[in-house]
Amino acid sequence: MNKKRRVQMNILYIPAVTIIAVFMIFPLLRGFYISFFKWNGYSSNMIFVGIENYLKLFKDKYFCVALGNTLLYGFGTALLQNVFGLVLALYVNSKFKGRNVVRTCVYITVMVSGLLMGYIMKFFFDLNHGIINEILQIFGADPVYWLGEGKYARIIITFVTSWQYVGSYMIIYLAGLQNIPSMYYEAAKIDGGNSWQVFKNVVFPLLIPSISTAGIQGLISGLKLNDVIIALTKGGPVMSTHSLSTYISFSYFDSESAGYASAIGIFLFTFIFVLSGILNKYFQSKEVSY
Amino acid sequence: MMKEKKVSTMKSNNWWKYIVGVGLIIMYLLPIYVLVVMSFKGKGDYGSYLALPEKIVFDNYIKIIKSGKVISALKNTAIVSVSVVALEVIFGCMAAYPLSRNKSKFNQYVNSFIMAAMMIPALSILVGVYTEIVKLGGINHLWAVVFVEVAFGIPLSIYLYSNFISSIPKALDEAATVDGAGVFRIFWSIILPQLKPVTVTVMILKGVGAWNNYLYPSYILQKPSKYTLVLLIKQYFGSSSSVVDLNSASAVAVLCVMPLIIVYLCLQKYFIKGQIDSAVK
């Protein structure tokens, strides 16, 4: 290909790159700039404070709670979705009638927006009239204020998200399982391996690429979690269920500290960037091929 | 004889799978069932959320449609979704062609720039995006939502198209070059016609994403007349608990979610393909 053609060709990516630059990269840099100021978000009065917003982060109790929650949502959902995603994939991959119906149903909740799923879950976890509490009362137990206490609400948010999106992970693992040539299973069976040994020594190592894909995807989307929190608890009670994402929104719009909100944003961005880099490196070293 | 025996042992080994299957189906359809049932309940129906309506009423649907809010939200959602999908498909495949065919050093930088953009968490740049949209005068305008969503979504669409174009033999381009076709001509008549399968994938992924998107629309679209369906759902469900009309709220939610579920049930294999292809490391 000659040079003229190459240059002509590159014209084709200008629109996409422009949109990304204008609506993502420029705002990122702008946010970085704003993070060095004390600013309420709308007045013309911006005071340069250097790195004070960053120093404030770890002294802020609510930030630390939100960071802890973010790690819980990230690692909790990644773990649950991957374990159950793999189990479901093995289950739907085995031969029985109606497995396609099960697969279809498990994936159906992926179609529902996280926000709406949060509101639907309120029918289940409400204090009065909620389905879970009604069932508890049948067995004579006292109703629990599920969403009114941070320790429960956090766990519920983690479980609801994992449950809602586990279908995606099931599909990723299903694809991974179906990529394993059946001769490997047969060879292992001839060698006298039982199902657990076949899984542990043959299937699992070959699934490492799927595990790395699904693991990283689960972790990153969990770390970004926001809409289901807005619907279920709005970050409360007493700021106990915020993730970093919802805390950014809260700091910007509710407590009107745009500079501080930017600093949290830069922190979150850096954190996710570094973490996914490390994980990618780690999983690359684990991949096997026969 | 042999065959019959085999079938019967298979059945007896499988009974637990059916129990698990039924359990899973209930677990995943129950929330949708509750939502639909709620939307058909009358105001005075204080039965359990799980119970069927005492009497099926359509008042909730009539009320929300009469108020005109649903129609305008549906229109806004449709405008946003169609524009987002169109822009991501068009600009996505355009960008993917040079990036997968001309792997110069510079283009590799461009490519990693785009892939890095995929990692940016939406809310981490909230302040930057919001202040910029204010400056551009985009608050309460659908175009602002469209461009922000396209910016966040197009890296994935470029990635999907690049993977696909890489699998088209280069010999086709070369043959056309020898015949005297220009770059744009080759893109238009050789590459584009082959992109149908991946375009279906992109359309489905992006369509669902845009339809359900809540985050930036909720900041940018503050006027109720500009609400999308998801924002309308939030308005109905999210109002303070003493006045919230759960039945109407459920009706709005059903209208929002049903189109997606119907499309999903009809085009399931494409949804699954999209899920697999979009799993990016």
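Residues numbered from 1 in each chain as written. Chains lettered and ligands numbered in written order. Predicted model: local features only at pLDDT ≥ 70, side-chain atom pairs only at ≥ 80, totals over all residues. Heavy atoms only, no water.

Undergrad: Would you mind going over the overall build of chain A with me for this structure?
TA: A tally of regular secondary structure across chain A gives 14 helices and 2 strands. Principal-axis analysis of the C-alpha atoms gives chain A an extent of 80 × 75 × 30 Å. For chain A, the proportion of its 290 residues judged to be buried stands at 55%. Counted over contacts in chain A with a minimum sequence separation of 6, partners at least 24 positions apart contribute 68%. Put simply, chain A has 22 plus and 12 minus side-chain charges, and the middle of one group is 14 Å from the middle of the other. (Helix = DSSP H or I, 4+ residues; strand = E, 2+ residues; numbered from the N terminus. Buried < 20%, exposed > 50% of the residue type's maximum accessible area, 1.4 Å probe, protein only. Contact = heavy atoms within 4.5 Å. Lys, Arg positive; Asp, Glu negative; His and termini not counted. Charge placed at Lys NZ, Arg CZ, Asp CG, Glu CD.)

Undergrad: How do you make sense of the packing of aromatic side chains when you look at a structure like this?
TA: Two numbers describe a pair of aromatic rings. These are the distance of the centres and the angle of the planes. Counting across every chain of the model gives 34 aromatic pairs over all chains. An angle of 40° between the planes, with centres 5.6 Å apart, marks the rings of tyrosine 107 of chain A and tyrosine 264 of chain B as tilted. Taken together, the residues tyrosine 107 of chain A in helix 5 (residues 99-108) and tyrosine 264 of chain B in helix 12 (residues 246-266) connect one chain to another. On the basis of relative accessibility, which here comes to 0%, the residue tyrosine 264 of chain B falls in the buried class. For the ring pair phenylalanine 269 of chain A and phenylalanine 273 of chain A, a centre distance of 5.3 Å and an interplane angle of 45° mean the geometry is tilted. Of the two residues, phenylalanine 269 of chain A and phenylalanine 273 of chain A both sit in helix 14 (residues 258-284), 4 residues apart, roughly one turn of that helix. (Phe/Tyr/Trp six-rings, centres within 6.5 Å; stacked < 30°, edge-to-face > 60°.)

Undergrad: Can you walk me through the interface of chain A and chain B in this structure?
TA: Taken residue by residue, the interface counts 89 residues in chain A and 97 residues in chain B. Of all residues in chain A, the largest losses of buried area upon contact with chain B belong to Phe23, Met111 and Phe123 of chain A, amounting jointly to 10% of the total for that side. There are 0 salt bridges connecting chain A and chain B. Along the contact surface separating chain A from chain B lie 19 residue pairs in polar contact (both at pLDDT 80 or more). The biggest single contributor to the side of chain A that touches chain B is helix 2 (residues 14-34) of chain A, with 15 residues. Across the side of chain A that touches chain B, the residue classes tally to 56 nonpolar, 21 polar and 12 charged. (Buried area = accessible area lost by both parts, 1.4 Å probe. Salt bridge = Lys/Arg side-chain N within 4 Å of Asp/Glu carboxyl O. Polar contact = N/O pair within 3.5 Å; in protein donor to acceptor, adjacent residues only side chain to side chain. Nonpolar A, V, L, I, M, F, W, Y, C, P; charged D, E, K, R; others polar.)

Undergrad: Which parts of the structure should I look at to understand the pattern of salt bridges?
TA: Charged atoms that come close allow side chains of opposite charge to pair. Residues and elements named next belong to chain B. Across all of its chains, the model carries 5 salt bridges over all chains by this definition. Across the pair lysine 63 and aspartate 245 runs a salt bridge whose closest N-O atoms are separated by 3.1 Å. Residue lysine 63 is located in helix 2 (residues 59-66), and its partner aspartate 245 is located in the loop between helix 11 (229-238) and helix 12; the two are separated by 182 residues in the primary sequence. Look at lysine 63 and you get partly exposed, because its relative accessible area is 40%. On the accessibility criterion, aspartate 245 (19% relative accessible area) is buried.

Undergrad: Just to check I follow, could you spell out the side chain of serine 113 of chain A for this structure?
TA: Topologically, serine 113 of chain A is positioned in the loop between helix 5 and helix 6 (114-125). When near neighbours in sequence (up to four residues on either side) are disregarded, serine 113 of chain A contacts Gln164 of chain A together with Asn212 and Val230 of chain B.

Undergrad: Any chance you could explain helix 8 (residues 183-191) of chain B here in plain terms?
TA: One turn of an α-helix holds 3.6 residues; hence residues three or four places apart share an orientation. Residues and elements named next belong to chain B. Of the positions making up helix 8, those classed as buried are Val183, Ile186, Phe187 and Ile191. Summarising the axial view, the buried residues of helix 8 lie within an arc of 100°, below the 170-degree limit, and thus occupy one face. More than 90 degrees from the buried face of helix 8, the exposed residues found are Arg185 and Trp188. (Arc of directions from axis to C-beta.)

Undergrad: Which parts of the structure should I look at to understand the packing of helix 1 (residues 3-10) of chain A against helix 8 of chain B?
TA: The axes of two packed helices give the description: the angle between them and the distance between them. Closest axis-to-axis distance for the helix 1 of chain A/helix 8 of chain B pair is 9 Å, and the angle between their directions is 55°. By the angle between their directions, the pair helix 1 of chain A and helix 8 of chain B is classed as oblique. For the pair helix 1 of chain A and helix 8 of chain B, contact is made by Arg5, Gln8 and Met9 of chain A and by Val183, Phe184 and Ile186 of chain B, respectively. Tallied by class, the residues present in the contact of helix 1 of chain A with helix 8 of chain B amount to 4 nonpolar, 1 polar and 1 charged. (Axes fitted to C-alpha atoms, helices over the stretch in contact; angles between N-to-C directions. Parallel < 35°, antiparallel > 145°, perpendicular 65-115°, else oblique.)

Undergrad: Would you take a moment to explain the nonpolar core for this structure?
TA: Within soluble globular proteins, side chains that are nonpolar generally end up buried alongside one another. By size, the foremost hydrophobic cluster in this structure holds 183 residues, and its most contacted members are Phe63 and Phe123 of chain A together with Tyr97 and Phe237 of chain B. For phenylalanine 237 of chain B, the residues in contact, after removing those within four places along its chain, are Leu116, Tyr119 and Phe123 of chain A together with Leu35, Val244, Leu246, Ala249, Ser250 and Ala253 of chain B. (Core = buried A, V, L, I, M, F, W, Y, C linked by side-chain atoms within 4.5 Å.)

Undergrad: How should I be thinking about the confidence of the model for chain A in this particular structure?
TA: Low-pLDDT portions of the prediction should not be read for the details of their coordinates. On average, residues of chain A score 90 in pLDDT, and 99% of them reach the 70 mark or higher. Averaged pLDDT values over the elements of chain A bottom out at 81 in helix 9 (residues 182-190) of chain A and peak at 95 in helix 4 (residues 61-93) of chain A. (pLDDT = per-residue confidence, 0-100.)

Undergrad: Please clarify how the environment of phenylalanine 187 of chain B should be interpreted in this entry.
TA: Tracing the chain through its elements places phenylalanine 187 of chain B in helix 8. Under the relative-accessibility criterion, phenylalanine 187 of chain B is labelled buried at 7%. Distance from phenylalanine 187 of chain B to tyrosine 97 of chain B, taken between C-alpha atoms, is 7.5 Å for residues 90 residues apart in sequence. Every residue in contact with phenylalanine 187 of chain B, bar those within four places of it in the chain, is listed here: Leu12 of chain A together with Cys93, Met94, Tyr97 and Leu192 of chain B.

Undergrad: It is not clear to me how the side chain of threonine 77 of chain B should be interpreted in this structure. Could you clarify?
TA: Residues and elements named next belong to chain B. In this fold, threonine 77 is placed in helix 3 (residues 69-101). Taking the relative accessible area as the measure of exposure, threonine 77 reaches 1% and is therefore buried. In this structure the side chain of threonine 77 is engaged in a polar contact, spanning 2.8 Å, whose partner is the backbone nitrogen of leucine 229.

Undergrad: Explain the confidence of the model for chain B to me, please; I cannot follow it from the model alone.
TA: All names here are of chain B. Residue-level pLDDT values for chain B average 88, and 94% of them are 70 or greater. In this model, residues 1-9 is a region of pLDDT below 50 whose contacts with residues beyond four sequence positions or in other chains number 0 contacts. Of the two predicted TM-score estimates for the complex, the pTM is 0.90 and the ipTM is 0.89.

Undergrad: Quick question: what am I supposed to make of helix 4 of chain A here?
TA: Spanning 33 residues, helix 4 of chain A covers 47 Å between terminal C-alpha atoms, matching the ideal 48 Å at 1.5 Å per step. Structurally, the start of helix 4 of chain A carries an N-cap: the backbone nitrogen of tyrosine 62 of chain A is 2.9 Å from a side-chain oxygen of aspartate 60 of chain A. (Expected span 1.5 Å × (residues − 1).)

Undergrad: Got a minute to help me understand unusual backbone geometry in this structure?
TA: Only a minority of non-glycine residues have a phi that is not negative, and only a minority of peptide bonds are not trans. All names here are of chain A. One non-glycine residue with positive phi stands out, namely histidine 129, at about 80°. Despite not being glycine, lysine 234 shows a phi value in the positive range, around 55°. Within the secondary structure, lysine 234 sits in the loop between helix 12 (227-232) and helix 13 (244-254). On the accessibility criterion, lysine 234 (58% relative accessible area) is exposed.

Undergrad: I keep staring at a nonpolar patch on the surface and nothing clicks. Help me out?
TA: A cluster of nonpolar side chains, Leu79, Val83, Phe84 and Val87 of chain A, forms an exposed patch at the surface whose accessible area comes to about 390 Å². Assignment of secondary structure puts leucine 79 of chain A in helix 4. (Patch = residues over 30% accessible without salt bridge, like charges linked within 9 Å, V, L, I, M, F, W, Y side chains within 5 Å. Areas by Shrake-Rupley, 256 points an atom, 1.4 Å probe, with all protein chains shown as cover.)

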